[in-house]
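One letter stands for each residue in the lines below.
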Amino acid sequence: MSSQSELKWKGYAIHDTEKWDKFEVIDFEPKRAEDYDIDIKIEFCGVCGSDVHTITGGWGHPILPLISGHEIVGHVVRVGPQVKSFKVGDRAGVGAQICSCLECDRCNADNEQYCPKQVDTYNAKYPNGDIAHGGYSTAVRAHERFVFPLPAGLPLEQIAPMLCAGITVYSPLVRNNTGPGKRVGIVGIGGLGHFAIQFARALEAEQVVAFSHSTNKEKDARALGATDFVITGNKDFTKGWQGKLDLIICTADVSRGIPLTELMTTLKVHGRLIMVAVPDDKLPALHTFDIMGNGALLGGSHIGSKKEVIDMLELAVKKGVKSWIEVLDMKDAARAVNAVKNNTVKYRHVLRVDL
């Protein structure tokens, strides 16, 4: 079923990682349509740190030309014959994953983001060889499993950053039992961190401690809901905090700036520090002794499941979680990615489709 006979497939692409902010409009071919696929006419796409890591080659040489973007929102314009949960005209979104095997134990347990055969929304290939193109474009085609229904209580541009940045912090908060009586630390106050603070409070954590390298973002952190603010640039910043926290979510995107050893001491016995940002460089060295004293655990987390995205958006509506955004026309993608790279955006850019 379709609301229009033709949908434009155009996007803003880079052709060279050495010219990573030189976007040019290209035509592209979507994946071959299958019975469970949905076509979405894109209206907005958030700009993620992942986009910068990819277009600069920080995570390795990408598939070129590259159309990035995986915080996609818009309206459904076509549904395949087996699609049951969407109809033409529905608001819909796509995040950082666009495919998985749909058959393994992980996929069957709402852990599809950990499927060994998962396919990223861009800079990736489907099993049949088709290239996955991202949301700096006019449209996206995705399997029903990876399309999210969007609540009416939030504007599309507000939802877009939540489909990667939001779920990236919401999932580990929920899976590590954030709630009443829990004390949670958030390292880094940016695109990810500004959501982490809000969702920790929305989940009713007793205490939300923001860790930042300077006082520059203290006012913002407290406005977002932080109960405490700790400056990691200060010597002995852990004094008074050792053994206090149940959970730390680390959103800092600069490996060398993470005081990992010191942060581990702020955890309770068997407390957890979960990494959600993926800097280009390796994490700081950690000695076994650094985690033995309190039996602390260091782990990672990767986006979230469709079920978690739906729950997250419902919570955002209920508790008033907001994306702090600046909306730009998509032709200004270069300005947006430079702001992300230079850490001058507060705290997410969202691109409005103008093709």
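Cut-offs and rules
Residues numbered from 1 in each chain as written. Predicted model: local features only at pLDDT ≥ 70, side-chain atom pairs only at ≥ 80, totals over all residues. Heavy atoms only, no water. Buried < 20%, exposed > 50% of the residue type's maximum accessible area, 1.4 Å probe, protein only. Helix = DSSP H or I, 4+ residues; strand = E, 2+ residues; numbered from the N terminus. Arc of directions from axis to C-beta. Contact = heavy atoms within 4.5 Å. Phe/Tyr/Trp six-rings, centres within 6.5 Å; stacked < 30°, edge-to-face > 60°. Lys NZ or Arg CZ within 6 Å of the ring centre and 35° of its normal. Axes fitted to C-alpha atoms, helices over the stretch in contact; angles between N-to-C directions. Parallel < 35°, antiparallel > 145°, perpendicular 65-115°, else oblique. Nonpolar A, V, L, I, M, F, W, Y, C, P; charged D, E, K, R; others polar.

### Things to note about helix α9 (residues 333–341)
And then number 1: Among all positions of α9, only Ala333, Ala336, Val337 and Ala339 are buried. Along the axis of α9, the buried residues cluster in a sector spanning 155°; they form a single face.
And then number 2: Where the residues of α9 are buried, they touch β3 (37–47), α1 (49–55), β18 (325–329) and β19 (348–352).
And then number 3: Once α9 finishes, asparagine 343 follows within two positions and takes phi at roughly 60°, a positive value.

### Here we look at the packing of aromatic side chains
And then number 1: Taken as a whole, this structure holds six aromatic pairs when the rule is applied.
And then number 2: Seen in terms of ring centroids, tryptophan 9 and phenylalanine 28 are 5.8 Å apart; in terms of plane orientation they differ by 80°. Their pairing is edge-to-face. Of the two residues, tryptophan 9 sits in the segment before β1 (10–13) while phenylalanine 28 sits in the loop between β2 (24–27) and β3, which places them 19 residues apart along the sequence. As far as burial versus exposure is concerned, tryptophan 9 and phenylalanine 28 are alike and both buried.
And then number 3: Aromatic pair tyrosine 170 and phenylalanine 199: ring centres 5.5 Å apart, planes at 70°, arrangement edge-to-face. Taken together, the positions of tyrosine 170 in helix α3 (residues 165–175) and phenylalanine 199 in helix α4 (residues 193–202) put the pair 29 residues apart, joining distant regions of the chain.
And then number 4: The ring of tyrosine 126 is capped by lysine 31, whose NZ or CZ atom sits 5.3 Å from the centre of that ring.

### Details of the packing of α3 against helix α8 (residues 306–319)
And then number 1: Following both chains from N to C, one finds α3 and α8 inclined at 95°, their axes separated by 10 Å at the closest point. With respect to α8, the element α3 is oriented roughly perpendicular. Mapping the contact onto sequence places Gly166, Ile167, Tyr170, Ser171 and Arg175 in α3 and Glu308, Val309, Asp311, Met312 and Leu315 in α8.
And then number 2: The residue makeup of the contact of α3 with α8, split by class, is five nonpolar, two polar and three charged.

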